[in-house]
Amino acid sequence: MIFLMDLQMMLLDVIYFILRNSVRVILRPRTKPIDGELVLITGSGGGLGRLFAQEFTKHGAEVVLWDVDSSSNEQTAKLVRETGGKAHTYTVDVTSREDVYRNAELVRKDLGRDVTMLVNNAGVVAGQRMLECDDELMERTMKVNCHAHFWTVKAFLPQMKAQNHGHIVTIASVLGLFSTACVEDYCASKFAAVGFHESLAHELLAEEVEGVKTTLVCPYIVDTGMFEGCKIREEVELLLPPLEPQYCVEQAMNAILIDQPLVCIPRLTYLPVLSRALLPWESNVAAYRFMGSDKCMYPFIDTKQKRLTNVPVEVA
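Residues numbered from 1 in each chain as written. Predicted model: local features only at pLDDT ≥ 70, side-chain atom pairs only at ≥ 80, totals over all residues. Heavy atoms only, no water.

- The protein chain is annotated in an unreviewed UniProt entry as Short-chain dehydrogenase/reductase 3 from Amphiprion ocellaris.
- The UniProt entry for the protein chain carries this comment under Sequence similarities (unreviewed entry): "Belongs to the short-chain dehydrogenases/reductases (SDR) family." (UniProt positions renumbered as here; feature names shortened; annotations may be inferred.)

With respect to the overall build of the protein chain
Inference 1: Looking only at helices and strands, one finds 11 helices and 7 strands in the protein chain.
Inference 2: Counting over 316 residues, the protein chain shows a buried share of 44%.
Inference 3: Of the contacts formed within the protein chain by residues at least 6 apart in sequence, a portion of 70% connects residues at least 24 apart.
Inference 4: Surface accessibility of the protein chain: about 17,100 Å² in total, with carbon and sulfur atoms responsible for 58%.
Inference 5: Taking the average location of the 31 positive side-chain charges in the protein chain and that of its 40 negative ones, the two points are 3 Å from each other. (Helix = DSSP H or I, 4+ residues; strand = E, 2+ residues; numbered from the N terminus. Buried < 20%, exposed > 50% of the residue type's maximum accessible area, 1.4 Å probe, protein only. Contact = heavy atoms within 4.5 Å. Areas by Shrake-Rupley, 256 points an atom, 1.4 Å probe, with all protein chains shown as cover. Lys, Arg positive; Asp, Glu negative; His and termini not counted. Charge placed at Lys NZ, Arg CZ, Asp CG, Glu CD.)

Let's talk about the pattern of salt bridges
Inference 1: Evaluated as defined, the whole model comprises 9 salt bridges.
Inference 2: Here Glu207 ties to Lys161 by a salt bridge, and the two come within 2.8 Å at their closest N and O atoms. On the criterion of sequence distance, the pair formed by Glu207 in the loop between α6 (184-206) and β6 (212-219) and Lys161 in helix α5 (residues 135-163) is long-range, its members being 46 residues apart.
Inference 3: Exposure remark for Glu207: the relative accessible area of 42% places this residue in the partly exposed category.
Inference 4: According to the relative accessible area criterion, Lys161 is partly exposed, its value standing at 31%.
Inference 5: For Glu235, the salt bridge identified is with Arg233, shortest N-O distance 3.3 Å.
Inference 6: A cluster of three or more residues bridged by salt bridges with shared partners is formed by Glu105, Arg108 and Asp114. (Salt bridge = Lys/Arg side-chain N within 4 Å of Asp/Glu carboxyl O.)

Digging into a negative patch on the surface
Inference 1: A surface patch of like charges, here negative, comprises Asp134, Asp135, Glu136 and Glu139.
Inference 2: Within the secondary structure, Asp134 sits in the loop between β4 (117-120) and α5. (Patch = residues over 30% accessible without salt bridge, like charges linked within 9 Å, V, L, I, M, F, W, Y side chains within 5 Å.)

As for the packing of aromatic side chains
Inference 1: Inspection of every chain in the model, using the stated rule, returns 7 aromatic pairs.
Inference 2: Seen in terms of ring centroids, Tyr16 and Phe17 are 5.0 Å apart; in terms of plane orientation they differ by 65°. Their pairing is edge-to-face.
Inference 3: On the accessibility criterion, Tyr16 (47% relative accessible area) is partly exposed.
Inference 4: Plain terms: the ring middles of Phe150 and Phe196 are 4.5 Å apart, the flat faces sit at 50° to each other, and that makes the pair tilted. Note that Phe150 is positioned in helix α5 and Phe196 in helix α6, a separation of 46 residues in sequence.
Inference 5: Phe150 gets classed as partly exposed once you look at its relative accessible area, which sits at 35%.
Inference 6: For Phe196, a relative accessible area of 16% gives the class buried.
Inference 7: By way of ring pairs, the aromatic residues Phe150, Trp151 and Phe196 are connected into one cluster. (Phe/Tyr/Trp six-rings, centres within 6.5 Å; stacked < 30°, edge-to-face > 60°.)

Description of the nonpolar core
Inference 1: By size, the foremost hydrophobic cluster in this structure holds 56 residues, and its most contacted members are Phe52, Phe56, Phe227 and Met297.
Inference 2: Considering every element that reaches this core, the biggest residue donor is helix α8 (residues 245-257), with 7 residues.
Inference 3: Residues contacting Phe227, with those up to four places away along its chain left out, are Val125, Val183, Tyr186, Ile221, Met297 and Phe300.
Inference 4: Of all hydrophobic cores here, the second largest spans 28 residues; its members include Leu38, Val124, Val144 and Val212. (Core = buried A, V, L, I, M, F, W, Y, C linked by side-chain atoms within 4.5 Å.)

Description of the environment of Gln251
Inference 1: Mapped onto the elements, Gln251 comes out in helix α8.
Inference 2: In this structure the C-alpha to C-alpha distance between Gln251 and Arg140, which are 111 residues apart in sequence, comes to 28 Å.

Written out as structure tokens, the structure is:
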């Protein structure tokens, strides 16, 4: 009897959340205020990290900037301060747990308070075929894109849980939900980051830590130069061009500010996620070949290799 009652409640919950999220597509829910929050962003020296710093500042948050490149990180801080924001820079190697833990304590000591929002944004890719890639480069991808999340979350989550207030944001990738050829290191690291994030989200829900929110951000290829040369079929690219960085960050911020658990950018990329789950492997391969997704990284790998060997790269 208890089982049947629980089953009924579960089905009602499922229906409710389907309807609620369908309505949210049309009627945007109220955003939460984040003025005064202390937001730590990894990989803040450029690309999406720099834009995230500026966006959080626009909403009144104070930002802590972590990057291994101190010069570019200071440039981000300068841009934040020019708009009247508060920024604190730290040179941190997120692949080193000792460096992460030491700087986490330093942040608390310097600022006199705890980080309330953590944005795990730092990311790299080897850009070489697996069998031709140095082992150290592949290890670096895993350490930056995945292992670092363990260290930063361990450093800041306890205080969030103690205060029942916080937000953990994981900047992953659609390549953490479905894959393509020749970026085994990147796909493996992003699948791992997605798994880490989802398990953490389930843990917080199971422990009923309602004040600590999580948001998983899975963007398509972003035009930051990280995947320069990546190319799908021209006709398909008209519908799915590389994302403008500013648009990507704005869409991610929209999700963060309404405590949305998952956002794929653009929405069209939800389709291959469903396809991967529902269709046979061969069906997905056929779709990949049609779209040119099966070999989309070939020109990226070639471009990366030419840069490494100082061969001039032709720009189309």
